[in-house]
Amino acid sequence: MTRRSARGDVWLVDLGLAAKVRPALVVSIPPTDADRELATLVPHTTSLRASRFEVAVPVRFLKEGAFDVQSVVTVPTERLLRQLGRLNPAQLAPVEKRLGFWLGLSTLAEDPSES
């Protein structure tokens, strides 16, 4: 069964044996019929380390914690179990900014955690 996800959706996802089932933010665009059925995700964690790559986004459908952009992962969409909610553009923006910094795609001359 194909799961339709959109950028900004938060799903409960089976990330495999070591990573367990946990919430994750979809950061990829939806695949077309010609594409592989994959979704790129930023997992949400409640085990915080005070890392500059953890982005807290308080929403009612998640426990207190943060999205960990260092743990970005791509999985088959069949591992998306249940949609929990969706981030609005203002909530998604800081995650995107930090993800871009982690991947070296940011055009910022400085660490976004300092701005």
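Our structure's up above, just so we're on the same page.
All of the points below concern the structure found in this document. (Residues numbered from 1 in each chain as written. Predicted model: local features only at pLDDT ≥ 70, side-chain atom pairs only at ≥ 80, totals over all residues. Heavy atoms only, no water.)

## Let's talk about the nonpolar core
Core analysis: the largest hydrophobic core is formed by 15 residues, its most contacted members being Leu25, Val42, Val57, Phe67, Leu87 and Val95. Element by element, the count of residues in this core is highest for helix 1 (residues 89-102), at three residues. In contact with Val57, not counting residues within four places along its chain, are Phe67, Leu87, Gln91 and Val95. Membership of the second largest hydrophobic core comes to nine residues, among which are Leu15, Ala24, Val26 and Ala39. (Core = buried A, V, L, I, M, F, W, Y, C linked by side-chain atoms within 4.5 Å. Buried < 20%, exposed > 50% of the residue type's maximum accessible area, 1.4 Å probe, protein only. Helix = DSSP H or I, 4+ residues; strand = E, 2+ residues; numbered from the N terminus. Contact = heavy atoms within 4.5 Å.)

## A short note on the layout of surface pockets
Space inside the largest pocket adds up to approximately 200 Å³. Of the residues forming the lining of the largest pocket, the biggest block, three residues, is contributed by strand 3 (residues 38-45). Of the residues contributing to the lining of the largest pocket, the split by class is one nonpolar, six polar and four charged. (1 Å grid on protein atoms, 1.4 Å probe; cavity = no way out; pocket = protein on both sides within 12 Å on 5 of 7 lines; lining within 4 Å. Points joined across faces, edges and corners; volume = space filled by probe spheres on them. Nonpolar A, V, L, I, M, F, W, Y, C, P; charged D, E, K, R; others polar.)

## A look at the pairing of strand 3
Of all the eight residues making up strand 3, six are buried; the element is thus mostly covered by neighbouring parts of the structure. Where strand 3 meets strand 6 (residues 73-76), four bridges bridge the pair, whose relative direction is antiparallel. In the strand pairing of strand 6, Leu38 is matched with Pro76. By the bridge criterion, two bridges tie strand 3 to strand 5 (residues 66-68) in an arrangement that is antiparallel. Residue pairing across strands places Thr45 opposite Ala66, the latter belonging to strand 5. (Pairing = 2+ DSSP bridges.)

## Considering the environment of Leu84
Its place among the elements puts Leu84 in strand 7 (residues 80-86). Residue Leu84 is classed as partly exposed on the basis of its relative accessible area of 22%. For Leu84 and Pro23, which are 61 residues apart along the polypeptide, the C-alpha to C-alpha distance reads 7.8 Å. Leaving out residues up to four positions away in the same chain, Leu84 has contacts with Val10, Trp11, Leu12, Pro23, Phe61 and Leu62.

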